[in-house]
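Architecture and fold: a report
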Amino acid sequence: MTTEDDNGTGLSRRRAMLLAGATAAALAGLEAAVPTPALAAQSGWRWCLQCGSLWRPGLPYNACPAGGAHVARSWNYVLKVESEGGPGQPEWRLCANCQALWWRGNGNTGQCSGAPMGHNEVGWGTISPRYVLETATANTGGTGQANWRYCSNCHVMVYNDTGTNSAGRCAAGGRHYTGGSWNFRIKYV
Ligand SMILES: [Zn+2]
Ligand SMILES: [Zn+2]
Ligand SMILES: [Zn+2]
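This section reports on the structure supplied with the text. Note that the coordinates shown come from a computational prediction; the quantities given were computed from them, not determined experimentally. (Residues numbered from 1 in each chain as written. Chains lettered and ligands numbered in written order. Predicted model: local features only at pLDDT ≥ 70, side-chain atom pairs only at ≥ 80, totals over all residues.)

Further remarks concern the pairing of strand β9 (residues 144–150). Along any regular strand, the residues point their side chains to alternate faces of the sheet. Here three bridges tie β9 to strand β13 (residues 184–188), and the two strands are oriented antiparallel to one another. Bridge pairing in β13 links Trp148 to Phe184. Strand direction decides the pairing type here: β9 and strand β10 (residues 157–159), joined by three bridges, are antiparallel. Pairing of Tyr150 across the sheet is with Met157, part of β10. Between β9 and β10, which pair antiparallel one after the other, the connecting turn spans six residues, and His155 there sits at a positive phi close to 80 degrees. (Pairing = 2+ DSSP bridges. Helix = DSSP H or I, 4+ residues; strand = E, 2+ residues; numbered from the N terminus.)

Ranked by internal contacts, the top residues of the largest apolar core, which has 35 residues, are Leu54, Cys95, Ala100, Leu101, Cys151, Val156 and Met157. Contact partners of Met157, with chain neighbours within four places excluded, come to Ser53, Leu54, Leu101, Trp148, Tyr150 and Phe184. (Core = buried A, V, L, I, M, F, W, Y, C linked by C-beta atoms within 7 Å. Buried ≥ 20, exposed ≤ 12 C-beta atoms within 10 Å, placed from the backbone. Contact = placed C-beta atoms within 7 Å.)

Residue placement: Leu49 occurs in the loop between β1 (42–47) and β2 (54–55). According to the C-beta neighbour criterion, Leu49 is partly exposed, with 14 such atoms within 10 Å. Considered as a pair, Leu49 and Arg73 are 24 residues apart in the sequence and their alpha carbons are 5.8 Å apart. Setting aside chain neighbours within four positions, we find Leu49 in contact with Val71 and Arg73.

Phi at Glu91 is positive, roughly 75 degrees, even though this residue is not glycine. Tracing the sequence through the fold places Glu91 in strand β4 (residues 89–94). Of note, the phi angle at Trp124 is positive, near 55 degrees, even though the residue is not glycine. The residue Trp124 is located in the loop between β6 (122–123) and β7 (126–127) in this model.

Given below as structure tokens:
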């Protein structure tokens, strides 16, 4: 009995050590696989009180279509990038000229409040990450806010819970037009 107990304990200890080693190796592997900050979900996005668009402070040029600079007023929104996978619409970018979130999937550069040539994902020493936007019906949960919509006149992301097709101020003139847009859902922290 005593010998069996010792054997049992010895085996358990060896197994525990093996498991600990395997766990450490697995963790080391995970650590090496952690993406660089540039590829991870990005926080710091804000709703502009004046134009109603989603924009990100941090670049020197932040022209607002309503005049002056964008005004940050909101939660701290977080955007998913393409490398994270999961549901959503790709081809969203940060515009280096107006700092708004815009969709370049239409094959042109929309109307930009910061540059006559339109939105641009390159500028001020930065290149925009490639964002994926989830919708109210296809998302990965967590804390989030729906009623974000795409303006088909200027191509930026706009918050619109008015029940109409228009909101904010648009770089194409007048108010943003969000008719026909999906209902996007954006996470915040
Ligand atoms: Zn603005
Ligand atoms: Zn722009
Ligand atoms: Zn617009």
